[in-house]
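The residues making up each chain are set out below.
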Amino acid sequence: MPRAVFGAQYAQSVGVSENPWHPRANAGALQAGANKMFETYYDLMRRQGISRRSFVKFCSLTAASLGLGEAGAQQIATAMQTKPRTPVIWLHGLECTCCSESFIRSSHPLAKDVVLSMISLDYSDTLMAAAGHQAEEALEETIAKYKGNYILAVEGNPPLADDGIYCIPGGRPFVEKLRHAAKDAKAIISWGSCASWGCVQAAKPNPTQATPVHKVITDKPIIKVPGCPPIAEVMTAIVTYVLTFDRIPELDRQGRPKMFYSQRIHDKCYRRPHFDAGQFVEKWDDEAARMGYCLYKIGCKGPTTYNACSTTRWNEGVSFPIQSGHGCIGCSEDGFWDKGSFYDRLTNIPAFGIEANADKVGAVAAGVVGAAVVAHAAVTAIRKASEKPGSTKGEGK
């Protein structure tokens, strides 16, 4: 299907490198004057019988998940109506497929809409119907047909030990397949902690030398979307952002989208007031656990983990691990498998009440109030003693 694509002429016109997806490049629209004979996202939705009202609702929900305002919803609607679907190649290395499982369970926007409409998922080991030689032919055809214009999504990582023999998809080491597909990609998305950091495959002693994508591919813009797995709505929202604005989202210093990884889970956790009050679960299933107190002392890594779990949540916004009674294990942070037990308090977060239980905090508060009462009484007594009987205070001389 013909598609409008980025080109070197446009890149030169805005004064950036030939790849306008480079993090230092400015945002730009699709190439002017490109072939208009393509099917847009909106065209496909209408052909499938989806109403204009549903389409507008979809745009609003997507804008909300991205933290955009009304103007953002309008931009998404415009993109959906005017831009072609984006070709995507989705590779799998050493991983458990949890990222794909998460992706297809997204609620807003629906993953089926992303896969079938917003993007053209031309190759995916897990989701495609083809297999064997047919699948590999689809991969090569996509690379050749959309050279320099497709997005490469990578789930899992390549093992480098012993010439990469510990992951052999399609009859060759995955590291070779990754380099081959990345060569002509416009940008790369590293899905999950496996692709972003290495995850359990790279845990010590890492016998297969499992290596995150950014340490193998160093000449392409890479969006890291860590988590084990990432949140479904985060994954689909990033794809929506890329399609809408023709650029990668703003990234933090570790390469993660700021819109979802700029705050700690602790910052928006509904149990945060208990942390501040020094009210902690001391052991599993104690009275404090039944009352929903903070899980920091039994290993919760929320204070040191950056992700959107406490705001976006999981299963259509129903819950997240802390809400279900289990502390955060820090799965979106680099090297979380090598930081000791998930149930040991490994961080030292200074805060009021951090080493106190509710009784101690209450005693301190009572002492402060008592001292204030005594001080007030003393000041009042001194003031009264200084006032003599028959004082003419306030009378003229």
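Procedures and definitions
Residues numbered from 1 in each chain as written. Predicted model: local features only at pLDDT ≥ 70, side-chain atom pairs only at ≥ 80, totals over all residues. Heavy atoms only, no water. Phe/Tyr/Trp six-rings, centres within 6.5 Å; stacked < 30°, edge-to-face > 60°. Helix = DSSP H or I, 4+ residues; strand = E, 2+ residues; numbered from the N terminus. Buried < 20%, exposed > 50% of the residue type's maximum accessible area, 1.4 Å probe, protein only. Axes fitted to C-alpha atoms, helices over the stretch in contact; angles between N-to-C directions. Parallel < 35°, antiparallel > 145°, perpendicular 65-115°, else oblique. Contact = heavy atoms within 4.5 Å. Nonpolar A, V, L, I, M, F, W, Y, C, P; charged D, E, K, R; others polar. Core = buried A, V, L, I, M, F, W, Y, C linked by side-chain atoms within 4.5 Å.

A. The arrangement of the packing of aromatic side chains in detail. Evaluated as defined, the whole model comprises twelve aromatic pairs. Centre to centre, the rings of F103 and W191 are 6.4 Å apart; their planes meet at 40°, and the pair counts as tilted. A residue pair is termed long-range when its members are at least 10 positions apart, and F103 in helix α5 (residues 98-103) and W191 in strand β4 (residues 185-191) qualify at 88 residues. Look at W191 and you get buried, because its relative accessible area is 2%. Measuring from ring centre to ring centre gives 6.4 Å for Y270 and F320, while their planes differ by 80°; the resulting arrangement is edge-to-face. Of this pair, Y270 sits in the loop between α12 (265-268) and α13 (272-277) while F320 sits in the loop between α15 (309-312) and α16 (358-386), and the two are 50 residues apart along the sequence. Looking at Y270, the relative accessible area reads 37%, which means it is partly exposed. Grouping aromatic residues by their ring pairs yields a cluster made of W90, F103 and W191.

B. Summary view of the packing of helix α7 (residues 132-145) against helix α8 (residues 174-182). Put simply, α7 and α8 touch, their axes get as near as 10 Å, and they point 30° apart. On the basis of the axis angle, α7 is roughly parallel to α8. For the pair formed by α7 and α8, the contact residues are E136, L139, E140 and I143 on the first element and K177, H180 and A181 on the second. Across the contact of α7 with α8, the residue classes break down as three nonpolar, one polar and three charged.

C. Focus on the nonpolar core. Ranked by internal contacts, the top residues of the largest apolar core, which has 53 residues, are F55, M80, W191, V225, V234, F260 and I322. The biggest single contributor to this core is helix α10 (residues 232-245), with nine residues. Core analysis: the next-biggest nonpolar cluster, separate from the first, contains 27 residues, C167, L178, A181 and V213 among them.

These figures capture arrangement, not role.
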